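# Per-entry structural report
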Amino acid sequence: MKIVLRAALALSLLALASPSLAQGAGFVSLGYAFGSLEPRGASNDASVEALQFSFGGWINPQQTLGAEGRIALGVGSDRITFEDSTRRKVELNRYYGAYLRAQFPNTVPVRPYGLFGATRAETTERHLSSRSRSYQDVSMGLGVDVDLDRNIYLTLEYLRAVDRSSSQLSNVTIGVGGRF
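The following refers to the structure shown. Remember, predicted model here, so these are calculated numbers, not experimental data.

A few words now on the pairing of strand S6 (residues 110-126). With 12 of its 17 residues buried, S6 lies for the most part within the structure. In this structure, strand S5 (residues 87-103) lies alongside S6, joined through 14 bridges in antiparallel fashion. Within S6, the position partnered with Arg-94 by the bridge is Glu-122. Here S5 hands over to S6 after 6 residues, the two strands then running antiparallel side by side. In this sheet, strand S7 (residues 130-147) lies alongside S6 in antiparallel orientation, the contact comprising 17 bridges.

Shown next, in the form of structure tokens:
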């Protein structure tokens, strides 16, 4: 897992340093993620939300293959029931990841895309005491960018961030982005 995360992060940095970035091939976005977290041993899922910042660049001049990094800060909390009948308050503290992104060419005003990479999410559970947990896994997602202007776009995305050891984290993100 660490190797996948490091490789995706290295590709993100490589894309940002590539010559195509000097030609206006970088992008950033700010989004609000509506997530669902189901830790191992839980009998239901928690609704978790986060404010997400994304940045990236394109590996090729056609802007169909890129690398993207993300960091998100959790907003709010929810209660969840575990199999031992305890109810715990769950908060998503943060998540971050690195992804490869493949999409339709930038000449199309509505561009579907796919993501493949790695995500690490950190949470806090509170019952009688606080307990931190982290989840990491290979991640996959689908989304669409809709141009408002040449350099401004709206984005809608579904990301399956974690699906490992009976723990799951997925989210739907709505955001706005810009190209530079």
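Moving on, there is more to tell.
Our focus in this paragraph is the packing of aromatic side chains. In this structure the tally under the stated criterion is 3 aromatic pairs. Where Phe-27 meets Trp-58, the ring centres are 5.2 Å apart and the plane angle is 40°; that geometry is what we call tilted. Taken together, the positions of Phe-27 in strand S1 (residues 26-38) and Trp-58 in strand S2 (residues 46-58) put the pair 31 residues apart, joining distant regions of the chain. Since its relative accessible area comes to 4%, Trp-58 is described here as buried. Over the face of the ring belonging to Phe-82 we find Arg-88, whose NZ or CZ atom lies 4.0 Å from the ring centre.

The final tally for this structure, using the stated rule, is 13 salt bridges. Close ionic contact of Glu-68 with Arg-101 constitutes a salt bridge, the shortest N to O distance being 3.1 Å. Of this pair, Glu-68 sits in strand S3 (residues 65-75) while Arg-101 sits in strand S5; the two residues are 33 residues apart in sequence, bridging distant segments of the chain. Using a relative accessible area of 5% as the deciding quantity, one classes Arg-101 as buried. With a closest N to O distance of 2.6 Å, Arg-70 and Glu-157 form a salt bridge.

About the cut-offs
Each chain has its residues counted from 1, following the order in which its sequence is written. Restriction of local features to residues with pLDDT of at least 70 applies here, the model being predicted, together with a cutoff of 80 or more for giving and counting side-chain atom pairs; totals for whole chains, interfaces and linings are based on all residues. Heavy atoms throughout the structure, all of them, feed into the side-chain values; hydrogens and water do not. Relative accessible area decides the class of each residue, using a 1.4 Å probe on protein chains only: under 20% of the type maximum gives buried, over 50% gives exposed, and in between gives partly exposed. Per the convention used, a helix needs a DSSP run of H or I reaching at least four residues, while a strand needs a run of E reaching at least two, with both numbered from the N terminus. Think of it this way: DSSP has to see at least two bridges between two strands before they count as a pair. Pairs were defined over the aromatic rings of Phe, Tyr and Trp, the Trp ring being its six-membered one, requiring ring centres within 6.5 Å. Orientation was assigned from the angle between planes: stacked under 30 degrees, edge-to-face over 60, tilted for the rest. Geometrically, a lysine NZ or arginine CZ counts as sitting over a ring once it is within 6 Å of the ring centre and also within 35 degrees of the ring normal. Any Lys or Arg side-chain nitrogen located within 4 Å of an Asp or Glu carboxyl oxygen qualifies as a salt bridge.

By themselves, these observations are geometric and do not establish any function.
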